[in-house]
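Summary of structural features
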Amino acid sequence: MHESILGYKKARYAWLALLLTLISCLLYWTQRGPQPANGGTWQGYVLGTAGALLIVWLSALGVRKRRYRSAVGSLQGWASAHVYLGVALVVVATLHCAAQFGWNVHTLAYVLMCAVIASGLFGLFAYLRFPRLLARNRADRARDDLFAELNELNELGRSISQLCDPDVRIVTDSAISRTTVGGGLLGQLCGLDHSQILLRKSENSSTAAVPVANRDQRAAVEFVARRIPRANRQGEAERLQHLLAILCRRQTLLRQLRRDIQLQGWLQLWLYVHVPLTVALLVALALHIVAVFFFW
Amino acid sequence: MQLLLRKCTLNERGETELSDIELSADQITFGSAPDCDVQLLGENIRARHALLRISRGAARIEAARGCELSYNGGAVARAQLRGGDTLEFGAHRLQVMDAPAGFDLALQWWPGEVDGRLLAQAYRTSLRDTGLRPRLVAWTLAIVVLLLAGAAPVASYWLRQHAGAPSATAPGAAPNPPLVQRADSLWLSGPLHAAHQVALGGRCEGCHQTPFRQVTDDACRGCHKNVADHVDGAHPQHALIAGLHCQNCHKEHNEPETLVLRADSLCVDCHRERQTPVRGFAAGAHPELHPSLLTPAVQRLPDRFEVRWRSERPAEPKENSHLRFSHAAHLDAAKMRAQNKGEPLSCSSCHTLAPDKEHFVPITMEKSCSRCHDLSFDPRQPQKQLPHGDPAAVYDMLEGYFLGRSFGVNKNIADDGGPARRLPAHAAADDSCRGDAACARAKAARETERQFTQRGCVTCHVGETFGGSDPRTRWQVLPVRLTRDFYPDAHFNHAVHIGAGSAQGDAACVGCHRANTSRVSSDVLMPDLKTCLQCHGDAHAAQSFPLQCVSCHAYHPAAAAGRKGSNRVEF
C-alpha cells in the first residue's frame, strides 16, 4: 500500500523535527538577560550552526535523489525528513536571528530560506493533491492517449468535412488547425484557450472568413449545429450530425488536456522556484557566515 | 507562392488515391502544429519545423532553428528544391515534381504511418517548453547574490583600505565615505549605535580592525579613553571581572538601546552579597546615603597653616569648610529687609547650576558675597576696599592708605580726627599721625589685626594670630574649600528634579536640602535616602518614578583623569 512521505515510518521525522524545535526553543529561552537574544551569543551560534547544517543537508536531497544506487537511506525517508526538518528550520533560523531583520546579507539569507521553504510547502501540497486530480481528470488514461484520440478525431473531422459544403470544410479545418492547447507559462498554468476559427461575418455573406475566438470550441460546435436543420442534400444531415459529435468529443478531450497540462504545470512549477532559490540560498548562507566572522 | 500538394494515400483495396491541395501563401510552413500549412506528425518533428518560400525564382526550404531537414538522404539546415528532390519528415516523404501551369511548385506527399500520440509535440504542454531554464535561473541568482552581497562589500572594504581614508578612531565625527566604499554596510548584522555611527562614519574597520578577529578592548579604548575597570586589580573581587572584555557586556549591532546595560541585575547580582548588601532601591534594600566630605587636616606651622584636604565619608557627616555661614539667616527675607541688606536672597542668588546639570558653579566672594558684604574699612571712604584672599596684601593696602593720610595724599580726609565717625570697634582709630610714617604703619598694623581678629575677615573666616613682628604674615585665615561633589560615585540631574514637582523656586530646593533651618556651616544639607524614596523606588516598587541602579551609579568608575561619568568619550 502506498505510504505518504508525511506518514513514512510512523512520521518518525516529524517527531525528530518536533524535538529539534523544542531544543531550539529551550536554547533560545536561556538567552534571557539584560541583552536581547541575538545570533551572536553562544546559543545563537549553536542555533546558527544547526540551521546551516540543516540547510546543507536539506539541499543534499537534490544530490541523493539523482544517485539511484545510493544506499544511504531510502529516498522516501529522505523526502519525509526533508519536509519535516525543512519546516523545523524556520523555527531554528528564526530563533537564531531572534527576529532581528535589516537590509543586509543576513536577512537576505533568511528571506531566501523562507522562500525556499514556502515553495517546498507548496510543492508538498501539489504532490499530495494534484496527482489524484490528474488521474480523475484523465479518467486514468495517459495524456498521450488523449492526444492520439484527438489526432484521430482531427483526421476524422477533416475527412468528413471534405464531404460537406466548402464553408463547413473551411470552418472545421480552421477549428482544428487553430486549436491551441498549453502554450506559454501563463497559458499552461491558467489553462488559457486562445483557439480560433475562420468564420464569415454573416452566413450569407460572400466576404472572406475572418478569425474569431473559438474558446472551448463553442463557435465550431454552434456553427455545425446551426447547419444541421438546413441540410437539404442527401446524407448531409447525417454527415453534419457525425461531424458535430466529433467536435463535441474534441471539446471534451481538449478540456481534459488543458486541465491536465495546467495541473502538471503547477506540479512542476514549485521546483522551478525551489531549486534556483536553494542555490541562491546556499550562496547567501556562505556569505552570511563569512560576513559574520569577517566583522567578528 | 502557389503550391500544389498532391497527397497520395492507399485505400482499403490497396489502390493509390490522389487528392490535391492548393496552397497560396507567401511562405508555406511545415510542422506538427495544426496551424501549419502542412501538418506533419512524427518523431522529432517540431511544431514549426521548416519554411518554404520562393526566392529569386527558386524554391528554398529552411529548417527552423535547432531542426534538421532530411534532404535526398542527407541532413541539412536548408536546401534549394529541384525536380526529383526528396524531403523526409519522420515517416512522411515529399518529392518535388514538375509544377503544373499556374503553380510555382508541386510536391507529392506520401504520408507515413503516424502515431497519433505524437500530436502532443505540436503543442507546448510542459513548463520545459516555455523557455524557463531552472539551471539558468539558479546560476543567475547565485551570481547576482555573490556580486551584490559578496563581491561589492569586499571591494568597498578594500577600496577604503587603499584610498587613504582617515582613521576611524581619530577624534571627532568622521565623514561618511563615498557610496561605493559603503557597500559593506550590507554585512552589518544590525543597527549601529547612533554615537558610533557619527564617530565612525560607516568605517567598519574603526572597531573591526583585523578581519576575522574579534573586536579588541583597545579598539574601544581608542575613543573611550577615560573608562576604567569596575574595580582595579588590587580589589579582592577583581577576579570576577578579570576575563571580561568590553564585548561581553556591550553588544554592538544588537539593539542600540541595550548597548549600555541598564538592568539592576548587573549590580545587585554581585552587590547583594557584599558587606553592604544592595538588592534594589527601596527602604531596607539600599544602604543609607553617606555623603563624601572634604575633610581638612590642618598643620599649624610657625608662620602659616598647611592644610591637606581628603575626601571622606564619615558616619556622622559634619562639614568643616573653615567658613562661617548660616543658610537660614541668608534665606530669612524679613531679616534681610530689616537690616536693609537689599533684596531678600533666594537659593539661586548664590547657587548657579553648572552645565552638567548636576553640580553648581563654585561660589566665590567676588561673585556672590561681595554683592552684599563689602570689605571697606573706613566709613569715610567706603569705596576703599580691602583685597580678598591675600592676607599680606591686606596690610600692604592699609599701610599705603594710612601713609597717604599722614602725608596729606588724601586731602579731603586729613588725618586729624576730622569728620570720621567713631565706630564701636575703632576705639583708637583716630590717632593723629600727621607727618609720622611710623605712626601710620602702626595704625595700619592695628587695623590689620582688627580685621583678622575682631571684625571683617573673621565674620566669615576662621583667623589665627602667628608669632613674628611682620604684620604681613602675622595674621592668617584657614583656607576655605567647599565640597563640590557629595556623591562622587553617583550622578544626578538637578534640572530634572527642580522642574519635576509642583514646588517652584526655593521651595523646590529646600524640599530636599533643608537650608532654611540650617544655622551653622557644619550642617550637611544633603537629602537622605528617605527623601529620595518619597518619589522613587526600583522596578518592583509602586512609586511614580522607578529608578534603576544606573540611573544614579556608573558601572565604570571615574578613571585616572578623575572625570565623573567615565563612560563619556574623550576626544
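Just so you know, these numbers come straight off a predicted model, no measurement behind them.

Residues A:Val171, A:Ala220, A:Val224, B:Phe30 and B:Leu119 are the most contacted members of the largest nonpolar core, which totals 49 residues. Among the elements that line this core, the one with the most residues is helix H10 (residues 236-294) of chain A, at seven residues. Not counting the four nearest positions on each side in its chain, B:Phe30 is found in contact with B:Cys36, B:Val38, B:Leu40, B:His49, B:Ala50, B:Leu52 and B:Phe89. Counting residues in hydrophobic clusters, the runner-up holds 47 residues, among them A:Ala14, A:Leu47, A:Val279 and A:Leu281.

The interface of chain B with chain A comprises 44 residues on the first partner and 49 residues on the second. Elements with a contribution of two residues or more to the side of chain B that touches chain A: helix H1 (134-162) and helix H5 (265-271) of chain B. In terms of residue count, the dominant contributor to the side of chain B that touches chain A is H1(B) (nine residues). Of the residues assigned to the side of chain B that touches chain A, the class counts are 25 nonpolar, twelve polar and seven charged.

Another point: the packing of helix H2 (residues 42-59) of chain A against helix H4 (residues 75-97) of chain A. The geometry of a pair of packed helices is captured by two quantities: the angle between their axes and the separation between those axes. Residues and elements named next belong to chain A. One can describe the packing of H2 onto H4 by two numbers: an axis separation of 9 Å at closest approach and a directional angle of 150 degrees. With respect to each other, H2 and H4 are oriented roughly antiparallel. Crossing handedness for the pair H2 and H4: left-handed. In this structure, H2 contributes Gly44, Leu47, Gly48, Ala50, Gly51, Leu54, Ile55 and Leu58 to the contact, and H4 contributes His82, Leu85, Gly86, Leu89, Val92, Ala93, Leu95 and His96. Counted by class, the contact of H2 with H4 contains ten nonpolar, six polar and no charged residues.

Okay, unusual backbone geometry next. Its identity is not glycine, yet A:Asp140 carries a phi of approximately 60 degrees, on the positive side. Here A:Asp140 is to be found in the loop between helix H5 (105-138) and helix H6 (143-162).

Residue and element names in this part refer to chain B. For helix H10 (residues 437-453), which comprises 17 residues, the first-to-last C-alpha distance of 24 Å matches the rise-based estimate of 24 Å (1.5 Å per residue) to within 8%. The set of residues buried in H10 consists of Ala440, Lys443, Ala444, Ala445, Glu447, Thr448, Arg450, Gln451 and Phe452. Buried residues belonging to H10 abut helix H9 (391-406), strand E15 (463-465) and strand E16 (475-477).

The domain boundaries assigned to chain A delineate domain 1 (12-131 + 269-294) and domain 2 (143-264). Computed over C-alpha atoms, the centres of domain 1 of chain A and domain 2 of chain A are 51 Å apart.

Residue and element names in this part refer to chain B. Relative to the elements of secondary structure, Ser348 occurs in helix H8 (residues 347-350). Under the C-beta neighbour-count criterion, Ser348 is labelled partly exposed, with 13 such atoms within 10 Å. Separated by 222 residues in sequence, Ser348 and Ser126 place their C-alpha atoms 88 Å apart.

Thresholds, definitions, all that
- Residues numbered from 1 in each chain as written.
- Chains lettered and ligands numbered in written order.
- Predicted model: local features only at pLDDT ≥ 70, side-chain atom pairs only at ≥ 80, totals over all residues.
- Core = buried A, V, L, I, M, F, W, Y, C linked by C-beta atoms within 7 Å.
- Buried ≥ 20, exposed ≤ 12 C-beta atoms within 10 Å, placed from the backbone.
- Helix = DSSP H or I, 4+ residues; strand = E, 2+ residues; numbered from the N terminus.
- Contact = placed C-beta atoms within 7 Å.
- Nonpolar A, V, L, I, M, F, W, Y, C, P; charged D, E, K, R; others polar.
- Axes fitted to C-alpha atoms, helices over the stretch in contact; angles between N-to-C directions.
- Parallel < 35°, antiparallel > 145°, perpendicular 65-115°, else oblique.
- Left-handed = near helix turned anticlockwise from the far one by under 90°.
- Expected span 1.5 Å × (residues − 1).
- Domains from an automatic or database assignment.

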